[in-house]
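Overview (structure and organization)
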Amino acid sequence: MMSDLYLKRNERKIRVLYPVGGKRNVLRLVEGVKLKSFTGPNGRGITVQERDGKIRSLSVSKCVASL
């Protein structure tokens, strides 16, 4: 299901839960616009621009579906 994020078209709104700091058991809500998808040495990922203007790179394998 989260692999759908990788295939989602750019400039679409997303809403996903992601671990704080990338490796904790505490999740935070990431809302924003998907800018691009990429494949790196650690697997697939997406780049998201949040509402406050910050740009984040998220690993698709760590993303959790939002409620």
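For the structure itself, look to the data block above.
I will try to describe carefully the structure that is included in this document. (Residues numbered from 1 in each chain as written. Predicted model: local features only at pLDDT ≥ 70, side-chain atom pairs only at ≥ 80, totals over all residues. Heavy atoms only, no water.)

**So, the nonpolar core**
Nonpolar side chains tend toward joint burial in soluble globular proteins. Leu-5, Tyr-6, Ile-14, Val-16, Tyr-18, Val-30, Ile-46, Val-48, Leu-58, Val-60 and Cys-63 form the largest nonpolar core, which has eleven residues in total. Contributions of two or more residues to this core are made by helix H1 (3-7), strand S1 (13-19) and strand S3 (43-50). Residue contributions to this core peak at three residues, all from S1. If sequence neighbours within four positions are ignored, Val-30 has contacts with Ile-14, Arg-15, Val-16, Tyr-18, Val-48, Glu-50 and Leu-58. (Core = buried A, V, L, I, M, F, W, Y, C linked by side-chain atoms within 4.5 Å. Buried < 20%, exposed > 50% of the residue type's maximum accessible area, 1.4 Å probe, protein only. Helix = DSSP H or I, 4+ residues; strand = E, 2+ residues; numbered from the N terminus. Contact = heavy atoms within 4.5 Å.)

**Examining the pattern of salt bridges**
Pairing of side chains with opposite charge becomes possible as their charged atoms draw close. For the structure shown, the criterion picks out four salt bridges. Glu-31 is the partner of Arg-51 in a salt bridge, and the nearest nitrogen-oxygen pair spans 3.6 Å. With a gap of 20 residues between them, Arg-51 in the loop between S3 and strand S4 (55-59) and Glu-31 in strand S2 (residues 27-40) connect regions that are remote in the sequence. Take Arg-51: its relative accessible area is 71%, and that puts it in the exposed class. On the basis of relative accessible area, Glu-31 is assigned to the partly exposed category, the value being 22%. Among the ionic pairs, Arg-56 bridges to Glu-50, the shortest N-O distance being 3.1 Å. Overall, the relative accessible area of 10% leaves Glu-50 in the buried class. Through salt bridges with shared partners, a single network forms among Arg-15, Glu-31 and Arg-51. (Salt bridge = Lys/Arg side-chain N within 4 Å of Asp/Glu carboxyl O.)

**Brief notes about the side chain of Thr-47**
Here Thr-47 is to be found in strand S3. Exposure remark for Thr-47: the relative accessible area of 7% places this residue in the buried category. Those residues within four positions of Thr-47 in sequence are excluded, and the remaining contacts are Val-33, Lys-34, Leu-35, Lys-36, Phe-38, Ile-55, Arg-56 and Ser-57.

**Looking at unusual backbone geometry**
In the Ramachandran plot, Glu-11 falls in the positive-phi region, its phi being about 70 degrees despite a non-glycine side chain. Considering the arrangement of structural elements, one finds Glu-11 in the loop between H1 and S1.

Geometric values such as these leave the question of function open.
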